[in-house]
Amino acid sequence: MAGNKTMSKVNPFEMAQAQLKDCAKILNLDQSVVDILMQPQRQIQVSIPVKMDDGSTKVFQGFRVQHNNALGPYKGGIRFHPEETIDTVRALSMWMTWKTSVLGLPLGGGKGGVICNPKTMSQGELERLSRGYIRALWKNLGPDTDVPAPDVYTNGQIMAWMMDEYSTIQGKNQFGLLTGKPLVIGGSLGRGDATAKGGMYTLREAAKELKLNLKGSKVAILGFGNAGSFAATLAQEMFGSKIVAVTDSKGGIYDENGLDVKAVFEHKKQTKSVTGYKGLKTLTNEEVLALPVDVIFAAAPDEGAINEKVAPTVKAKVICELANGPTTPEADAILFKNGVHVIPDFLCNAGGVTVSYYEMVQNMYMHYWTLDDVYAKLDEAMTKSYHAVYDAAQKYKVNMRQGAYIVAVSRVVEGMKARGWV
C-alpha cells in the first residue's frame, strides 16, 4: 500500500508460523503435532517454458504448496504475480488449512503461484502459461486430491483454460478440477461476490455482539479491488453504511460526507487509481487507518499492512480482514488491548472458499443451485462459524484471531489423531 514501506520486511510464512505457535501454547499441543503443522506436507516448484508472441521462449517459475489434507483434499487459489514468493505461497497454504477448517468444510489447505506480470501479457501468452502450469503439475492435482481456484490476477477464464488442459490430459471432462469457473462450464452462482458477502455476514453478527448500529456507520475500504469494491457496495445496500474512504496501491481518498462508490469505481476504471477523484487530497495507508471511522475493511493484498506502528492510531470499532494476513501479531495485541474487534482473515474472507466448496459439490452431483440457495447456505455457514470463533475467544479470554485458531487447529488436530498421524 502507498505510504507503508515496512511491508516488504514482513515474512508472511514466519507470521503464519508465529500465529500457530501462539495457538499451540493456548491449546497445550504436543510438539509432534506442532512440528507437523508448522511445515507444508509438500512443496512443488516447476519451470514453465512459454512461447511468447514475439517468437521467443520465456521460462516462468511456478509453485504449488500443499499444507495439510487431514480433513480433505487440498484447496486454494493460484496467483499470477510479479513479486510472488515461495514464503507467501507457504503462508497462504497454511491459512487455507485454517480457513476451510474454521468453516467446517471437508477440505485441507493449499496454494499456488506463478512469478509473472499478467498485465504485460497477451491473452494468448496467458493461455499458454495457464496450460503449461497444469502440464507441469497435473499429477499432483485433481477433484479429490487438490482443487485450485482463482486468486490475485487470475480469473474464471484462466481457470477454464486450466480445466480444459487437465481434461485433455485425462481424456474426459474434469469440471471439478478447480473452482471459480465460468457458469457455462460448471461454475457456481454467487462466486463473484462471495468473499465480500461472507465478510458482511460476519460483520452483521459482530455488530449484534458489540451493540453497534451499522446504519449510517462510517466505513473505510483498504484496497478497492474485487473484494473491496464489492464490500463498498454491499455495506451500503445491506446496512446503509456510508463509505468515507477508499485506497488502492497509489494512495487513498477521504470525504467525511461519504463517497459516491459507483463514481469512484468509474474514476478508477478510467485512471487506474482512486487518487485524483474530485480533487480530493491523496492520503497514505497510515492516514486512512487513523481516520475516525466505525468499520475498516482490510481488502488490499498486503501482508502485514496493519503493523505495530499504525495499530495504536486505529479508531475503528471493527476491522474486517477481507485480505489475507493484513495484521501482524504485534498489531493484533495492540488492537485487542484497545478494544478494536478484529474479524480475522481466515474467518472473514472465507466466503470465497465456502462457495468454491459449493461449486465442488454441484460439479460432483451435476446439479446446480439457485443464487438464493447459495446465499442462504453461505449465510448459515458464516454465521455459525463467527459464533463458534466468538465463543472460543470469550471462553479462553483471547482475541478473535486466537479464537479462530483455537477452533480451526483443534479440528485439524482431531482429524490427524483420528487418522493415526500422531
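Located above this text is the structure these notes cover.
Residues numbered from 1 in each chain as written. Predicted model: local features only at pLDDT ≥ 70, side-chain atom pairs only at ≥ 80, totals over all residues. Heavy atoms only, no water.

Q: What is the right way to look at unusual backbone geometry in this model?
A: Leave glycine aside and you will find that most residues have negative phi; peptide bonds, for their part, are mostly trans. Even without glycine at this site, N28 takes up a positive phi of about 55°. Topologically, N28 is positioned in the loop between α1 (12–27) and α2 (31–38). Of note, the phi angle at Y153 is positive, near 60°, even though the residue is not glycine. Relative to the elements of secondary structure, Y153 occurs in the loop between β5 (146–150) and α5 (156–170). (Helix = DSSP H or I, 4+ residues; strand = E, 2+ residues; numbered from the N terminus.)

Q: What is the right way to look at the pattern of salt bridges in this model?
A: Counted according to the given criterion, the structure contains 20 salt bridges. Taking the shortest distance from any N to any O, the salt bridge between E359 and K181 comes out at 2.7 Å. Pair noted here: E359 is in helix α12 (residues 351–365) and K181 is in the loop between α5 and α6 (194–210), with a separation of 178 residues, a long-range link. Members of the salt-bridge network, linked through shared partners, are E127, R131, R135, D164 and E165. (Salt bridge = Lys/Arg side-chain N within 4 Å of Asp/Glu carboxyl O.)

Q: Mind showing me how you'd approach the nonpolar core here?
A: Side chains of nonpolar character tend, in soluble globular proteins, to be buried together. Counting 87 residues, the largest nonpolar core has L37, W98, V246, V295, F297 and V409 as its most contacted members. In this structure, V295 is in contact with L203, L212, L214, K218, V219, A220, A316, V318 and C320, ignoring residues within four places of it in sequence. Of all hydrophobic cores here, the second largest spans 25 residues; its members include L126, L129, L137 and L177. (Core = buried A, V, L, I, M, F, W, Y, C linked by side-chain atoms within 4.5 Å. Buried < 20%, exposed > 50% of the residue type's maximum accessible area, 1.4 Å probe, protein only. Contact = heavy atoms within 4.5 Å.)

Q: Please explain the side chain of T327 as it appears in this structure.
A: Within the secondary structure, T327 is located in the loop between β10 (318–321) and α10 (329–337). The exposure class assigned to T327 is buried, which follows from its relative accessible area of 0%. The residues contacting T327, other than those within four sequence positions of it, are M15, Q19, G304, I306, E321, D332, L335 and R401.

Q: What is the right way to read the sheet that holds β10 from this model?
A: Backbone-to-backbone hydrogen bonds join strands into a sheet, with any given pair of strands oriented parallel or antiparallel. An order of β8-β7-β6-β9-β10-β11 is seen for the six strands of this open sheet, with the pairing classed as mixed. Every other strand in the sheet has two partners, leaving β8 (251–254) and β11 (341–343) as the edge strands with one partner each. Going across the sheet, the axis of each strand differs from the next one's by a mean of 15°, ignoring polarity. (Pairing = 2+ DSSP bridges. Axes fitted to C-alpha atoms, helices over the stretch in contact; angles between N-to-C directions.)

Q: Mind showing me how you'd approach the side chain of E165 here?
A: Residue placement: E165 occurs in helix α5. Accessibility expressed as a relative area gives 11% for E165, which makes it buried. Of the polar contacts made by the side chain of E165, one reaches the side chain of R135; its length is 3.4 Å. Discounting chain neighbours no more than four positions away, the residues touching E165 are R131, I134 and R135. (Polar contact = N/O pair within 3.5 Å; in protein donor to acceptor, adjacent residues only side chain to side chain.)

Q: Just checking my understanding: could you explain the pairing of strand β6 (residues 218–222) for this structure?
A: As a general feature of sheets, a regular strand has side chains that alternate between the two faces. In terms of burial, β6 is a largely internal element, four of the five residues being buried. One ladder, built from five bridges, connects β6 with strand β7 (residues 242–248); its direction is parallel. Its bridge partner lying in β7, L222 is registered against T247. After leaving β6, the chain enters helix α7 (residues 226–239) and then returns to the sheet as β7, a path that is right-handed. In this sheet, strand β9 (residues 295–298) lies alongside β6 in parallel orientation, the contact comprising four bridges. Across the sheet, I221 pairs through a bridge with F297, a residue of β9. (Right-handed = clockwise from strand over helix to strand, strands pointing away.)

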